[in-house]
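An overview of the molecular structure
So the chains spell out like this:
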Amino acid sequence: MNIHGIYATKAGSYALFLAILKKLTSTSHSLAEIARETNTSPSIVRSVMFHIELTAPDHLPETLGIDEFKGNSGYYCKESRRYIKERFHCVLTDADAGRIIDILYKATCPELEKYFSQFSSVERSKVRYYCTDMRNGFSKAARKMFPRARICIDPFHVVKLITDGISIIRVDAWRRLRDEYKTTEAEYLAAKASGDAYKTAKLEAKAKKQYEDSELVKNSRKALVTSPYNKSRYWTINTDKRDERLASVFALAPDLKPAYEALMEFYDVVATESFSDRHDALTGWISKYLHSGQPPISQAADSINRRRKNIENAWRYKKSNSPTEGLNKRIKDVKRLAFGAHDFEAFRLRAILACGDISFLSESYTIKSEKKTHEEVTE
């Protein structure tokens, strides 16, 4: 991404302009903070930012990363006098260099096809690897626009798919226990109102136990989804306590145990060193859980089976979408600094300034030279 025709209309001097520009390339400064640190006003900082023109990239990287993020910004509609916002935007990155290429307004397949069609077929053929998540629209666009590229789905997204299935089972179990607790609590209040001391004490103890059980299942997510490596590295002191807690959770929610075992076995698949052994381990895992009795895990296994080739491409070619995920975090930092962003172009500009690969195409000039040029033209 290149900056073309940088100039200052209100900043007053070239040095001040560069000072503001340098702070705009940081994710730790809001526009108001930049104004305070440079002894200017937010309107001047915005003026500097909006007089930066970003040219479209003229080439694509060998490893293209793509991901969606929640932006919730859009364009102002004069008829309705409000912003028409798109909830999710799309970020394109150079996954090898770890830098942003561009940010698109919509994370849809037609939007991607429209964007990539501006590049020639020769340029698009230079993309050898296409790192993405399990979103169907991203893979569909890759097959059409980059037929020679190898689609790579990071195992992180696969693990997330299984952990989401575990979360569904855990939340269902928690809701069941919570409803039992509420029923007992209602019986307890009725007994207390009737003056039956023995029944009141018995129901009070039962309600207390049910509440503790529901809270135990509710707060068990970390113990259920953490990888064995992280457990052994960070939880070595509380190993026995962790095992006892998991046993109690499985006693309260039996469906969680096979789902937990499926996730731990998949972690073992990922930890397998050689590609051939990993391929065989993944085959066994899919066969075991494709027709399990739990829909969330069966659906995850079916989704993994349909995208198996792309998942194995990430292992075979050692490609990851983690640089794109990291840049997503920096983009969200920009959004938080602004306490939300309404205008997409302003949000895109600031995000690329803060997270993109910037180079200067033309020499900048100050407001003094601009004024002089304006006077010559008017004369």
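In what follows, the accompanying structure is described. All values derive from a computational prediction rather than experimental measurement. (Residues numbered from 1 in each chain as written. Predicted model: local features only at pLDDT ≥ 70, side-chain atom pairs only at ≥ 80, totals over all residues. Heavy atoms only, no water.)

This part takes up the overall build of the protein. Scanning the protein from N- to C-terminus turns up 18 helices and 8 strands. For the protein, the residues scored as buried account for 44% of the 379 residues in total. Restricting to contacts in the protein with at least 6 residues of sequence separation, those with at least 24 account for 67%. (Helix = DSSP H or I, 4+ residues; strand = E, 2+ residues; numbered from the N terminus. Buried < 20%, exposed > 50% of the residue type's maximum accessible area, 1.4 Å probe, protein only. Contact = heavy atoms within 4.5 Å.)

Right, let's talk about the nonpolar core for a bit. Ranked by size, the top nonpolar core spans 38 residues in total, and within it Ile162, Leu224, Leu256, Leu263, Phe266, Trp285 and Ile304 carry the most contacts. When contributions to this core are tallied by element, the ones reaching two or more residues are α7 (155-194), α9 (221-225), α11 (239-252), α12 (256-271), α13 (275-289), α14 (295-306) and α15 (308-316). Looking at this core element by element, the count peaks at 9 residues for α12. Each residue touching Trp285, except ones within four places of it in the same chain, is listed here: Ile162, Ala262, Glu265, Phe266, Val269, Ala301 and Ile304. Within the second largest apolar cluster, 30 residues are counted, among which are Leu24, Met49, Ile331 and Ile352. (Core = buried A, V, L, I, M, F, W, Y, C linked by side-chain atoms within 4.5 Å.)

With mixed pairing, the 5 strands of this open sheet are ordered in space as β5-β4-β3-β6-β7. Two strands close off the open sheet at either side, each with one partner strand: β5 (99-104) and β7 (150-153). Averaged over all adjacent pairs, the angle separating strand axes in this sheet is 30 degrees, with direction ignored. Packed on one face of the sheet, helix α6 (residues 136-145) meets β3 (63-77), β4 (82-94), β6 (129-132) and β7 and runs near 170 degrees to β6. (Pairing = 2+ DSSP bridges. Axes fitted to C-alpha atoms, helices over the stretch in contact; angles between N-to-C directions.)

Right, let's get into the packing of aromatic side chains. Summed over the entire model, instances satisfying the criterion amount to 14 aromatic pairs. Their ring planes at 75 degrees and their centres at 5.5 Å tell us that Tyr115 and Phe116 sit as a pair that is edge-to-face. Relative to Trp285, the ring of Phe266 lies with its centre 5.4 Å away and its plane at 70 degrees, an arrangement referred to as edge-to-face. Of the two residues, Phe266 sits in helix α12 while Trp285 sits in helix α13, which places them 19 residues apart along the sequence. Each of the two residues, Phe266 as well as Trp285, counts as buried. Clustering of aromatic rings is evident, with ring pairs tying together Tyr115, Phe116, Phe119, Tyr130 and Phe146. Positioned over the ring face of Phe138 is Arg135, at 5.3 Å from the centre of the ring. When the ring centre of Trp174 is taken as origin, the NZ or CZ atom of Arg178, which lies over that ring, is 4.7 Å away. (Phe/Tyr/Trp six-rings, centres within 6.5 Å; stacked < 30°, edge-to-face > 60°. Lys NZ or Arg CZ within 6 Å of the ring centre and 35° of its normal.)

Looking at chain direction, β3 and β6 are connected through 3 bridges and run parallel. Looking at β6, one finds that Leu64 is bridged to Tyr130. Relative to β4, β3 runs antiparallel, the two being bridged by 12 bridges. Bridge pairing links Ile66 to Leu92 in β4. Joining the antiparallel neighbours β3 and β4 is a turn of 4 residues, in which Arg81 adopts a positive phi near 55 degrees.

This part takes up the pairing of β7. As defined by bridge partners, β6 adjoins β7 across 4 bridges and the pair is classed as parallel. If you follow Thr132 over to β7, its bridge partner there is Ile153. Traced from β6 through α6 to β7, the parallel crossover comes out right-handed. (Right-handed = clockwise from strand over helix to strand, strands pointing away.)

Below, the discussion takes up the pattern of salt bridges. With the rule as written, the count across this model stands at 19 salt bridges. Two residues, Lys23 and Glu37, come together in a salt bridge whose shortest N-O distance is 2.9 Å. Here the residue Lys23 occupies a position in helix α1 (residues 14-24), and Glu37 occupies one in helix α2 (residues 31-37), the gap between them amounting to 14 residues. Of the residues examined, Lys23 reaches a relative accessible area of 24% and is grouped as partly exposed. With a closest N to O distance of 3.2 Å, Arg308 and Glu312 form a salt bridge. Separated by 4 residues within a single helix, Arg308 and Glu312 lie in helix α15, roughly one turn from each other. (Salt bridge = Lys/Arg side-chain N within 4 Å of Asp/Glu carboxyl O.)

A word on the packing of α12 against α13. Interaxial distance between α12 and α13 falls to 9 Å at its minimum, and their mutual angle equals 165 degrees. When the axes of α12 and α13 are compared, the pair comes out roughly antiparallel. In this structure, α12 meets α13 at a crossing whose hand is left-handed. Of the residues in α13, those in contact with Pro258, Glu261, Ala262, Glu265, Phe266, Val269 and Val270 of α12 are Arg278, Ala281, Leu282, Trp285, Lys288 and Tyr289. Partitioned by chemical class, the residues of the contact of α12 with α13 number 9 nonpolar, no polar and 4 charged. (Parallel < 35°, antiparallel > 145°, perpendicular 65-115°, else oblique. Left-handed = near helix turned anticlockwise from the far one by under 90°. Nonpolar A, V, L, I, M, F, W, Y, C, P; charged D, E, K, R; others polar.)

So, on to helix α17 (residues 344-355). Working note: α-helix, 3.6 residues per turn, so residues spaced by three or four point in the same direction. Helix length check: α17 (12 residues) gives 16 Å between terminal C-alpha atoms against 16 Å at 1.5 Å per residue, within 8%. Burial analysis of α17 places 11 of its 12 residues in the buried class, the great majority of the element. By the burial criterion, the buried members of α17 are Phe344, Ala346, Phe347, Arg348, Leu349, Arg350, Ala351, Ile352, Leu353, Ala354 and Cys355. Between the side-chain oxygen of the N-cap and the backbone nitrogen of Glu345 there are 3.3 Å, and the N-cap of α17 in question is Asp343. (Expected span 1.5 Å × (residues − 1). Polar contact = N/O pair within 3.5 Å; in protein donor to acceptor, adjacent residues only side chain to side chain.)

Along its 14 residues, α11 runs 20 Å from first to last C-alpha, staying within 8% of the 20 Å computed at 1.5 Å per residue. The inward-facing, buried residues of α11 contact α7, α8 (197-218), α9, α10 (228-234) and α12.

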